[in-house]
Amino acid sequence: MAPLSPPMDHVDRILAQWKQERQDLDVEPMGLLGRLARLRTHLAREIEKALAAHGLNSASFDVLATLRRAGPPYQLSPGDLLATTMVSSGTMTNRLDQLEKAGLIERAHNPEDRRSVIIALTPKGFALVDAAVTTHVENQHRLLEALGTDERAALDGLLRKFLAAFE
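Fair warning: this is a prediction, and the values are worked out from it, not measured in the lab. (Residues numbered from 1 in each chain as written. Predicted model: local features only at pLDDT ≥ 70, side-chain atom pairs only at ≥ 80, totals over all residues. Heavy atoms only, no water.)

(A) Up close: the overall build of the protein. Across its full length, the protein holds 7 helices and 3 strands. The C-alpha atoms of the protein give 21 Å as radius of gyration, which overshoots the globular expectation for 167 residues (15 Å, by more than 25%). For the protein, the C-alpha atoms occupy an extent of roughly 65 × 35 × 25 Å along the three principal directions. Taken across its 167 residues, the protein has 22% of its residues classed as buried. Contacts in the protein between residues at least 24 apart in sequence constitute 46% of all its contacts with a sequence separation of at least 6. Within the structure as shown, the protein displays about 11800 Å² of accessible surface, and the carbon and sulfur contribution to it stands at 59%. (Helix = DSSP H or I, 4+ residues; strand = E, 2+ residues; numbered from the N terminus. Rg over C-alpha atoms; globule rule 2.2 N^0.38 Å. Buried < 20%, exposed > 50% of the residue type's maximum accessible area, 1.4 Å probe, protein only. Contact = heavy atoms within 4.5 Å. Areas by Shrake-Rupley, 256 points an atom, 1.4 Å probe, with all protein chains shown as cover.)

(B) Expanded view of the UniProt feature "domain: HTH marR-type" (unreviewed entry) in the protein. Following the UniProt record, one finds the feature "domain: HTH marR-type" (unreviewed entry) at residues 29-164. Secondary structure content for residues 29-164 is 69% helix and 12% strand, and the end C-alpha separation is 18 Å. (UniProt positions renumbered as here; feature names shortened; annotations may be inferred.)

(C) Geometry of helix α1 (residues 10-21). With 12 residues, α1 ought to run about 16 Å at 1.5 Å a step, and its terminal C-alpha atoms sit 17 Å apart, in line with that. With a side-chain oxygen lying 3.0 Å from the backbone nitrogen of Val11, the N-terminal cap of α1 falls on Asp9. (Expected span 1.5 Å × (residues − 1). Polar contact = N/O pair within 3.5 Å; in protein donor to acceptor, adjacent residues only side chain to side chain.)

(D) Just the pairing of strand β3 (residues 113-121), in detail. Relative to β3, strand β1 (residues 75-76) runs antiparallel, the two sharing 2 bridges. Bridge assignment links Gln75 to a residue of β3, and that residue is Ala120. Sheet topology places strand β2 (residues 105-110) next to β3; 6 bridges connect them, and they run antiparallel. Residue His109 lies in a different strand from β3, and its bridge partner there is Val117. Counted along the chain from β2 to the antiparallel partner β3, the turn is 2 residues long. (Pairing = 2+ DSSP bridges.)

(E) Up close: the packing of α1 against helix α2 (residues 28-52). For the pair α1 and α2, interaxial distance at closest approach is 10 Å and the crossing angle is 150°. Classified by chirality, the crossing of α2 by α1 is right-handed. Each of His10, Val11, Asp12, Ile14, Leu15 and Trp18 in α1 lies in contact with α2, whose residues at this interface are Met30, Gly31, Gly34, Arg35 and Arg38. For the contact of α1 with α2, the per-class residue count stands at 5 nonpolar, 3 polar and 3 charged. (Axes fitted to C-alpha atoms, helices over the stretch in contact; angles between N-to-C directions. Left-handed = near helix turned anticlockwise from the far one by under 90°. Nonpolar A, V, L, I, M, F, W, Y, C, P; charged D, E, K, R; others polar.)

Take a look at the structure:
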């Protein structure tokens, strides 16, 4: 028995319209990239909802999670934080200001160089990011329920190969 083909999605309708209007174009890449873009939108919305339950957004979670992953003493230089987040220094400063105001991080003088600072999780920030990452991982499992274990592994391998072409 042949496997069932998935139902048509929004991208299929767009591709059909282009095929009707421009038979001369191979729009297959548009399908792959369009689906990735639409998935990213749906996934980002679901991730933001899960993080909002902890009073966070993906930007603030990114900073807190980076500090948490760093291990004890859960602190990094602003430059190290910048290197992991791919945002401008102005954007990072804004994020740090908001997190500091909320009592989730603190800026301290770097003991090795008094001209620079170290960003550290506060106990409140540590507790919050630990709770949020638990929710985040549970949510990620939920978001991937539509795929079986083998499908997840296959997709992960394909995406890793695709991403490597850019990085």
